[in-house]
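Structural features, examined
Chain residues, written in single-letter form:
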Amino acid sequence: MASPLADRFTQTFRTEHREIRDTLLDLVDAFLAGDQKRARTLVSRTAQLAGPHFRYEEESLYPFLVAIFGQDYIEKLLHDHDGAIDAAKRLVVLSAKERLDDAERQEAVRLVRSILPHVSDCDGLSIMVERLPDGQIESIFTTRERALAAGLDLLRWAAGVRSRTSYQPGA
Ligand SMILES: [Fe+2]
Ligand SMILES: [Fe+2]
């Protein structure tokens, strides 16, 4: 049985991934429909949702999960984040255009879809969070609150605060 705190984490985590999933799927639709104004709004919403989310994952959740998965898989998760950040940067540029040609539209859709597997993979981590001590789950929630209060969007966090090297072995 999972603790009530772990259950609360699972619910919270699922809700956040749902919001990000729906925003990304709406973004695919907006690009396919040629609705660049809506695409800009959705790119910005993705960045607002993913900023604090990635931040507390990297500052608290992922480091705790090293004890369960080992470093290699955590490195893979961080690498997924690197890819999502790069995709978001390019999506800002593409969505800023008045209109996209076919190649650009295909690129935009491919970039959005490239982020989707991490959303579902990441949600599955909550099955492992059930095995963390409640004290660590508390600490993840605290880090989450701080990240939400700081409210940096994905690109501002990545450019100014993110420390990609702090979870290397021995760091
Ligand atoms: Fe996540
Ligand atoms: Fe993640």
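My aim in this report is to walk through the structure given alongside it, one point at a time.

About the criteria used
- Residues numbered from 1 in each chain as written.
- Chains lettered and ligands numbered in written order.
- Predicted model: local features only at pLDDT ≥ 70, side-chain atom pairs only at ≥ 80, totals over all residues.
- Heavy atoms only, no water.
- Axes fitted to C-alpha atoms, helices over the stretch in contact; angles between N-to-C directions.
- Helix = DSSP H or I, 4+ residues; strand = E, 2+ residues; numbered from the N terminus.
- Parallel < 35°, antiparallel > 145°, perpendicular 65-115°, else oblique.
- Left-handed = near helix turned anticlockwise from the far one by under 90°.
- Contact = heavy atoms within 4.5 Å.
- Nonpolar A, V, L, I, M, F, W, Y, C, P; charged D, E, K, R; others polar.
- Donors = N, O, S within 2.8 Å, 3.2 Å for Na, K, Ca; no water.
- Tetrahedral: all angles 85-135°; square planar, octahedral: opposite > 155°, others 65-115°.
- Core = buried A, V, L, I, M, F, W, Y, C linked by side-chain atoms within 4.5 Å.
- Buried < 20%, exposed > 50% of the residue type's maximum accessible area, 1.4 Å probe, protein only.
- Phe/Tyr/Trp six-rings, centres within 6.5 Å; stacked < 30°, edge-to-face > 60°.
- Expected span 1.5 Å × (residues − 1).
- Arc of directions from axis to C-beta.

Attention now moves to the packing of helix α2 (residues 36-69) against helix α3 (residues 71-96). Any two packed helices are characterised by how steeply their axes cross, that is the angle between the axes, and by the distance between the axes. For the pair α2 and α3, the least separation of the axes is 10 Å and the interaxial angle reads 165°. With respect to α3, the element α2 is oriented roughly antiparallel. The hand of the α2/α3 crossing is left-handed. Packed against α2, whose contacting residues are Q36, A39, R40, V43, F54, E57, E58, Y62, L65, V66 and F69, the element α3 presents Q71, Y73, I74, L77, L78, H81, A84, L91, V92, L94, S95 and A96 at the interface. Looking at the contact of α2 with α3 residue by residue, the classes come out as 16 nonpolar, 4 polar and 3 charged.

Protein-derived coordination of the iron ion (ligand 2) comes from E57 (OE), Y62 (OH), H81 (NE2) and H118 (NE2), at a distance range of 2.1 to 2.2 Å. Taken together, the 4 donor atoms coordinating the iron ion (ligand 2) and their angles of 87 to 177° define a geometry best described as irregular. Counting gaps between the donor residues of the iron ion (ligand 2) yields the pattern E-x4-Y-x18-H-x36-H. Between the iron ion (ligand 2) and the iron ion (ligand 1), both coordinated by E57, there is a metal-metal distance of 3.4 Å. Of this pair, H81 sits in helix α3 while H118 sits in helix α4 (residues 102-123); the two residues are 37 residues apart in sequence, bridging distant segments of the chain.

Attention shifts here to the nonpolar core. Residues L27, F31, L91, V112 and L154 are the most contacted members of the largest nonpolar core, which totals 29 residues. Looking at this core, the elements with two or more residues in it are α1 (4-33), α2, α3, α4 and α7 (154-160). Residues in contact with L27, not counting those within four places in the same chain, are A39, L42, V43, T46 and V112. In terms of nonpolar packing, the next biggest core, distinct from the first, is built from 20 residues, F9, L77, L78 and L132 among them.

A few words on the packing of aromatic side chains. Under the criterion given, the structure shown has 3 aromatic pairs. Taken together, a centroid distance of 6.0 Å and an interplanar angle of 75° make the contact between F9 and F141 edge-to-face. Of this pair, F9 sits in helix α1 while F141 sits in helix α6 (residues 134-150), and the two are 132 residues apart along the sequence. Under the relative-accessibility criterion, F9 is labelled buried at 2%. When the ring of F69 is compared with that of Y73, the centres are 4.7 Å apart and the planes differ by 45°; the resulting orientation is tilted.

Turning to the coordination of the iron ion (ligand 1), a few remarks are in order. The protein atoms donating to the iron ion (ligand 1) are H17 (NE2), H53 (NE2), E57 (OE) and C122 (SG), with metal-donor distances spanning 1.9 to 2.3 Å. Coordination at the iron ion (ligand 1) is irregular, judged from the 4 donor atoms that bind it and the angles of 76 to 159° they form at the metal.

As a further point, take the environment of A39. Looking at the secondary structure, you find A39 in helix α2. Apart from residues no more than four positions distant in its own chain, A39 is found in contact with L27, A30, F31 and S95.

So, on to α6. Between its first and last C-alpha atoms α6 spans 24 Å; for 17 residues at 1.5 Å apiece the expected length is 24 Å, and the two agree. Along α6, the residues that are buried comprise I137, I140, F141, T143, R144 and A147. Around the axis of α6, the buried residues are gathered within 165° of arc, so they sit on the same side. Those residues of α6 that are exposed and aimed more than 90 degrees away from the buried face are G135, R146 and A149. Residues of α6 that are buried make contact with α1, α2 and α5 (126-129).

That's the geometry; what it means functionally is another story.
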